[in-house]
Amino acid sequence: MTDVERQAALDAIGAEVAACTRCRLHEGRTRAVPGEGTAATEAVFVGEGPGFNEDRQGRPFVGQAGSLLDELLASVLWSREEVFITNVVKCRPPGNRDPEPDEIAACAPYLTRQLEVLDPALVVTLGRFSMARFSPGARIGQVHGTFRAADAGSGAPKAMTFAMYHPAAALHQGSLKQTLFTDMQGVPAALTEARALRAADQAAGEAPATIAPVPSPVAPELLAVTPDPEAAPEAVREAVPDTTAEAGVEFDPTAQLGLF
Ligand code: URA
Ligand code: SF4
């Protein structure tokens, strides 16, 4: 799937969510909040459900918890434009109460489909309800800041998942703020690891014949005049366009997003 096709698929899901009446949460909503970000990302952040501001704006994490999420992303030189941010339920539970099991179940197919489209390497869960989907049975106090394979039933069977406390929890319990920032420092490394595991899986699972031949970016005559065969890989590397420079992004390459 190309990024344009991914975005179109996400938009189609978003349009369905906006008109959805599958559970009682549609009754009190101002706007549904399907989620937002880039279709070209490797990392998806999943919260619990829209709050007051999100319900008004139709966008995820735009209130106080959202500001904290922005800060957390910035602390590892990421931004919300480089990831995809969504929630377990897409409509605001009245008075910000916890979502009910039947509401979570009714809304689950939307998140499953979003994950199928995005096929992320890493899912960062924000809070217990999101964690329960990707790491059933885990306890947030024990697993926050760590990562594991995402549960096969989560919709992202090829992803790793990294658990974090919900940013809103830190607004009520100040001591959690430092924990959130400390845990966030582990996210880029988790992505790097998730990416490596996925590459290894792919290499193991695919017969060489299914891999399309990659055209050499180096002209054959150039290789022919190279006296030292060791020098050829260097030439190849130099001939590959530097997408980092192209995008004008300057940060730790291990934290670089969006490049599959
Ligand atoms: N809390 C959430 O879980 N999600 C949002 O989108 C905003 C606040
Ligand atoms: Fe539909 Fe999900 Fe909103 Fe319920 S919370 S009405 S299932 S979009």
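Residues numbered from 1 in each chain as written. Chains lettered and ligands numbered in written order. Predicted model: local features only at pLDDT ≥ 70, side-chain atom pairs only at ≥ 80, totals over all residues.

**Student:** Describe the environment of Ala43, with residues and values.
**Tutor:** Examined against the element boundaries, Ala43 turns out to sit in strand β2 (residues 43–47). C-alpha of Ala43 to C-alpha of Leu118: the two residues are 75 residues apart in sequence and 8.8 Å apart in space. (Helix = DSSP H or I, 4+ residues; strand = E, 2+ residues; numbered from the N terminus.)

**Student:** How would you explain the nonpolar core if you had to name every residue and give the values?
**Tutor:** Here is a general trend for soluble globular proteins: nonpolar side chains tend to be buried in one another's company. In this structure, Val44, Leu122, Val123, Val124, Met160 and Phe162 are the most contacted members of the largest nonpolar core, which totals 56 residues. Among the elements that line this core, the one with the most residues is helix α5 (residues 101–118), at 6 residues. (Core = buried A, V, L, I, M, F, W, Y, C linked by C-beta atoms within 7 Å. Buried ≥ 20, exposed ≤ 12 C-beta atoms within 10 Å, placed from the backbone.)

**Student:** Mind laying out the site of ligand 2, listing which residues take part and the relevant values?
**Tutor:** Close to ligand 2 lie 14 residues, the nearest being Cys20, Cys23, His26, Cys91 and Cys107. Every element with two or more residues in the shell around ligand 2 is listed here: α2 (25–28) and α5. In terms of residue count, α5 provides more of the shell around ligand 2 than any other element does, 3 residues in total. (Near = placed C-beta within 6 Å.)

**Student:** How would you summarise the pairing of strand β6 (residues 160–164) if you had to cite specific residues and measurements?
**Tutor:** Burial analysis of β6 places 5 of its 5 residues in the buried class, which makes it a mostly covered element. Here β6 shows no split at all, with Met160, Phe162 and Met164 on one side and Thr161 and Ala163 on the other all buried. Pairing analysis gives 3 bridges linking strand β5 (residues 147–149) to β6, with the strands arranged antiparallel. Looking at β6, one finds that Arg148 is bridged to Thr161. (Pairing = 2+ DSSP bridges.)

**Student:** Any details on α5? Residues and values, ideally.
**Tutor:** Compared with an ideal rise of 1.5 Å per residue, which puts 18 residues at 26 Å, α5 spans 25 Å between its outermost C-alpha atoms and is within 8% of the ideal. Those residues of α5 that sit buried are Glu103, Ile104, Cys107, Tyr110, Leu111, Gln114, Leu115 and Leu118. Looking at the buried positions of α5, the neighbouring elements they touch are α1 (3–18), α2, β2, β3 (84–87) and α6 (128–134). Of the residues one or two after α5, Asp119 is the one with positive phi, at around 45°. (Expected span 1.5 Å × (residues − 1). Contact = placed C-beta atoms within 7 Å.)

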